[in-house]
Amino acid sequence: MTNLADTPPPRGGHIDIPQMLFWAAVAVGVAAAGVAVTAGPTAGRAGAVLLVLLAAAGMVLFLWMSRGAGRAHGAFPQRGAIAASALSAGRGEFAVIDAIDEAALITDRQLSPRIANRAYLALAEALGVVGESERPPMLSRLFGADPMLSAPMFRLAKAAQAGQARREQLPAAMSAAGKPVRYEASVGAIANGAVLWRLREMGAAEAPASEEGRAVFLDDAPIGFFAASHDGAIVYMNRALRAVLGVGDDPSPLRVKDIVKDDPGRLLRRDRRGFGPTRMRVTLKGRDGAETLASVLSFAPDENAEGDMRALVFFSDAEALETQPRAPARTEGAEGVFAEAPFGVAVLDAADPASAAVLDANAALMEMTQGRAAPGSPFADLFEASEGPAALGQRLRQAINDPVEIMLATQPAIAVLLHFARTADGRGIAYIANVSEQRELQTRLAQSEKMREIGELAAGVAHDFNNLLTVVMQTCSFLLRRHPIGDADYPMLKEISDHATTAKELSEMLRAYARQQTFAREVIEIGDFIGARQELIRRIVGASIQYEIRHGRDLPYVKVDKTQIERVLVNLATNARDAMTTKGLPAPRDGKLLVRTSRVSAETARGLGHNPIEDGEYVMIEVEDTGAGIKPEHAAKIFRPYHSTKEAGQGTGLGLATSYGIVKQSGGYIFFSTKLGQGTTFRIFLPAYEPTPEELEDLAAKERALIAPPSKDVAGRGKILFVEDQAAVRRSIVRNLKECGYEVEEAENGEDALVILKQKPGGFDIIISDVSMPIMTGPEMLQEADPAMIGAAKVLFLSGYAPESFSHMLEQYPVHYMSKPVTMEQLVGRVKELLAAA
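Residues numbered from 1 in each chain as written. Predicted model: local features only at pLDDT ≥ 70, side-chain atom pairs only at ≥ 80, totals over all residues. Heavy atoms only, no water.

Peer 1: Provide a residue-level description of the overall build of the chain, including the pertinent values.
Peer 2: Summing up its helical and strand segments, the chain has 27 helices and 28 strands in all. Expressed as a percentage of its 838 residues, the buried residues of the chain come to 42%. (Helix = DSSP H or I, 4+ residues; strand = E, 2+ residues; numbered from the N terminus. Buried < 20%, exposed > 50% of the residue type's maximum accessible area, 1.4 Å probe, protein only.)

Have a look at this one:
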């Protein structure tokens, strides 16, 4: 850029004879050409000569211009000459600027630079910010994009536009020589609506004459003291603090972050903005790694004063801060009483939130906005404007009267509640609370309520469906006995029976998801339980997948329904097999399925990232595969019913939903962790149970009974009272029981059954009853009957759906339960088992 003070004025004001003759010749040539054109044939040969002269004059003119003679003689104005003339005129008006020995710049009220003195231009040249424009660079360009300068530059600019005087001590910046330099910037209005900017370098000689004596006093003080510049560099540290930290005589290489373990940025930022003394508890870091608790009382200069941040350090609680005089609290910044507030607070420069700029913001808001709430930034830029700036502005103004929920323009977007208030001096204060977690909880609650309603619907459908299946399965069993293998109708009857069994499994999945199954809980040792099902899991995963079981030590007992936990293991093993099967192949080629058991606490589970989980001891069952893993878009949905990542026609989408319902109904928890391309691990936490001596004896008796092979003979003898409200179900089951040799008496509901029991007290070997019936349910019938009416009869409840409360009755009374639908062989086998145990 050219220094306008050294630019010679364009030539003019005297007569240049060669220039006058040249232009006269050109004018004559052009006039002659005009005559030749207008006169036509009359001109004759003279016309042609004139045209030649015109062409020659044009060539001379072109060469003269191209070689720069025209510009050298002032025939044509130079590029930017008009602007240069204007700036030169301005220089004459503000010629006094060259008499200032420090860097100076003159702008208009719109902050457009006009002229600068030689010191300012030399500084700009040394910092490498001079461009091609003839105008000098603005003051803010001298120091680049230093974020430490945003606040003071913003305040200077506001004062310049308002025609006010202001002085700011700028944070240390790097000079052209690579050394830190501190400047004082000032701004003030001058004549004709112009603004004078001045930049003065601050030197060490400016310190007061008494500084040396003061340093001696501080160096011998029994408490710690240090001073730091605005960028965190330590400029002074007394002997007491150096001794505690193990620092030598020269602390200049250190920064505040090197000696303070806690967040030093908060201390520096608050001090830098000059909002009075700062009190905070900190942990000092010594050079040898030792840590020291201390209390810090720091002081910063006011906005218009010079100096560094100064801090007193008290090394013990006995040196209480109450002895120090309290400075009056300031309210013009967001760091007053809201410094430690868990919500965001911003002070704005205007009462309209749509057009205001941020003057200050507390730490919570800076963190919430990911650093976007810096001083000087437009307040509206903190929020999403997906519907346009006008709609955003209207939304922000609504916060003046009532709190407004709005999204911050962060990654990811954060839902916040915004409330706006006006101050007496015309400023605005914005209160911003993060409500993203609250909204997430509300969404989860709504989803949970939705899934609960779906579960109730599924349970009701399963109940009616099971009654229909019971009739189908009982009738099919009856016909299969009459049409054995070899009969022409046997294949069709067997196909009906197989499909009814598949439908039964689907119904049980629905009930498990709805958590509406009746659990017959019993005490088991989980290691033996999983080991006994080793061959079952091997058949599911196939021979190509390596299957391994690792049991932990001192596994506690659990009290669960073995059948349901087995179903969970089967579902997880099936999913693991499918995850390790390459797409397009009928079976997996390789892979590994690992099942681990261990005793863990709730703290251990939380350490694995699984929460919430209640305190206590648990048995953890881990099912780990080496499959493809679960994609993030599916991870939040895997426990939902009918959500499946498998191809169409493969799987019901109820496996994991069923497993989730069973584990939750068992009082446990199920979580998972996954890595794409590496595999997935499901972790089941079942609460530990301390069995009674009677339960341990019963467990031993069941283990002994496993040695005896089950009987396949369905024939038997005994008197049975069968209670069922569905006529078709009652008819089919009674028919099969009589077919097997039992004497059966029927009752339509609980009241009818009580009448029969009163007539024949103790006259039955076993009572089989539905649970949910009109007028009187099965459990109500059992509670109403006298012990003499029941006698020695066994009680077996049979139902397609049983309420949650009924599962506790299985533990309180000597009753038994079977879930509908059942085949004839299953029912008769259970009847014979109960009668044999009588």
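Don't stop here, the text continues.
Peer 1: Describe the pairing of strand β27 (residues 794-799), listing the residues and the values that go with them.
Peer 2: Residues in a regular strand point their side chains to alternate faces of the sheet. Of all six residues in β27, five are buried; the element is thus mostly enclosed. For strand β26 (residues 766-769) and β27, the ladder comprises four bridges, and the chain directions are parallel. Paired with Ile-767 across the bridge in β27 is Val-795. (Pairing = 2+ DSSP bridges.)

Peer 1: Describe the sheet that holds strand β22 (residues 669-675), listing the residues and the values that go with them.
Peer 2: An order of β18-β20-β21-β23-β22 is seen for the five strands of this open sheet, with the pairing classed as mixed. What marks the edges here is a single partner per strand, and that holds for β18 (546-551) and β22. Adjacent strand axes in the sheet meet at a mean angle of 15° when their direction is disregarded. Across nine bridges, strand β20 (residues 592-601) lies against strand β21 (residues 617-625) in antiparallel orientation. The partner of Ser-601 across the bridge, within β21, is Glu-617. Sheet contacts for helix α20 (residues 655-665): β22 and β23 (679-687); angle to β22, the most-contacted strand, approximately 140°. (Axes fitted to C-alpha atoms, helices over the stretch in contact; angles between N-to-C directions. Contact = heavy atoms within 4.5 Å.)

Peer 1: Can you explain the packing of helix α16 (residues 534-541) against helix α17 (residues 562-579)? Please cite residues and give values.
Peer 2: As a packed pair, α16 and α17 sit with axes 9 Å apart at the nearest point and diverge in direction by 30°. In terms of axis orientation, α16 runs roughly parallel to α17. As for the relative orientation of α16 and α17, their crossing is right-handed in sense. Contacts between α16 and α17 involve Leu-536, Ile-537, Ile-540 and Val-541 from the first element and Glu-566, Leu-569, Val-570, Ala-573, Thr-574 and Arg-577 from the second. In terms of residue class, the contact of α16 with α17 is made up of seven nonpolar, one polar and two charged. (Parallel < 35°, antiparallel > 145°, perpendicular 65-115°, else oblique. Left-handed = near helix turned anticlockwise from the far one by under 90°. Nonpolar A, V, L, I, M, F, W, Y, C, P; charged D, E, K, R; others polar.)

Peer 1: How would you explain the sheet that holds strand β15 (residues 414-422) if you had to name every residue and give the values?
Peer 2: The antiparallel open sheet is built from five strands, whose spatial order is β13-β12-β16-β15-β14. With one partner strand each, in any of the chains shown, β13 (358-361) and β14 (404-408) form the two edges of the open sheet. For this sheet, the mean inter-axis angle between neighbouring strands, taken without regard to orientation, is 35°. Pairing of β14 with β15 involves five bridges; the strand directions are antiparallel. Looking across to β15, one finds that Glu-405 is bridged to Leu-417. The strands touched by helix α12 (residues 389-398) are β14 and β15; relative to β14, the strand with the most contacts, the crossing angle is about 135°.

Peer 1: Just give me the short version of the pattern of salt bridges, but keep the residues and values in it.
Peer 2: Taken as a whole and judged by the stated rule, the model has 24 salt bridges. The salt bridge partner of Arg-577 is Asp-578, with a shortest N-O separation of 3.2 Å. Arg-577 sits in the partly exposed class, given a relative accessible area of 25%. Ionic pairing is found between Lys-820 and Glu-724, a salt bridge with its closest N-O pair at 2.7 Å. With Lys-820 in the loop between β28 (815-819) and α27 (824-836) and Glu-724 in the loop between β24 (719-723) and α22 (727-739), this pair connects stretches of sequence that are 96 residues apart. Across this residue pair, the class does not change: Lys-820 and Glu-724 are buried. Because the salt bridges share partners, they merge into one network encompassing Arg-596, Glu-622, Glu-624 and Arg-683. (Salt bridge = Lys/Arg side-chain N within 4 Å of Asp/Glu carboxyl O.)

Peer 1: Give a description of the environment of Ala-356 that names residues and reports values.
Peer 2: Along the polypeptide, Ala-356 turns up in the loop between β12 (344-348) and β13. With 24 residues separating them in the primary sequence, Ala-356 and Ala-380 have C-alpha atoms 7.7 Å apart. Setting aside chain neighbours within four positions, we find Ala-356 in contact with Leu-348, Asp-349, Ala-350, Pro-378 and Phe-379.

Peer 1: Pulling in residues and values, what's your account of the confidence of the model for the chain?
Peer 2: Do not read the fine detail of predicted coordinates wherever pLDDT is low. On average, residues of the chain score 76 in pLDDT, and 70% of them reach the 70 mark or higher. Taken together, the stretch residues 1-14 has pLDDT below 50 and engages in 20 contacts with residues farther than four places along the chain or on a different chain. Across residues 204-216, confidence stays below pLDDT 50; counting only partners more than four residues off in sequence or on other chains, it has four contacts. (pLDDT = per-residue confidence, 0-100.)

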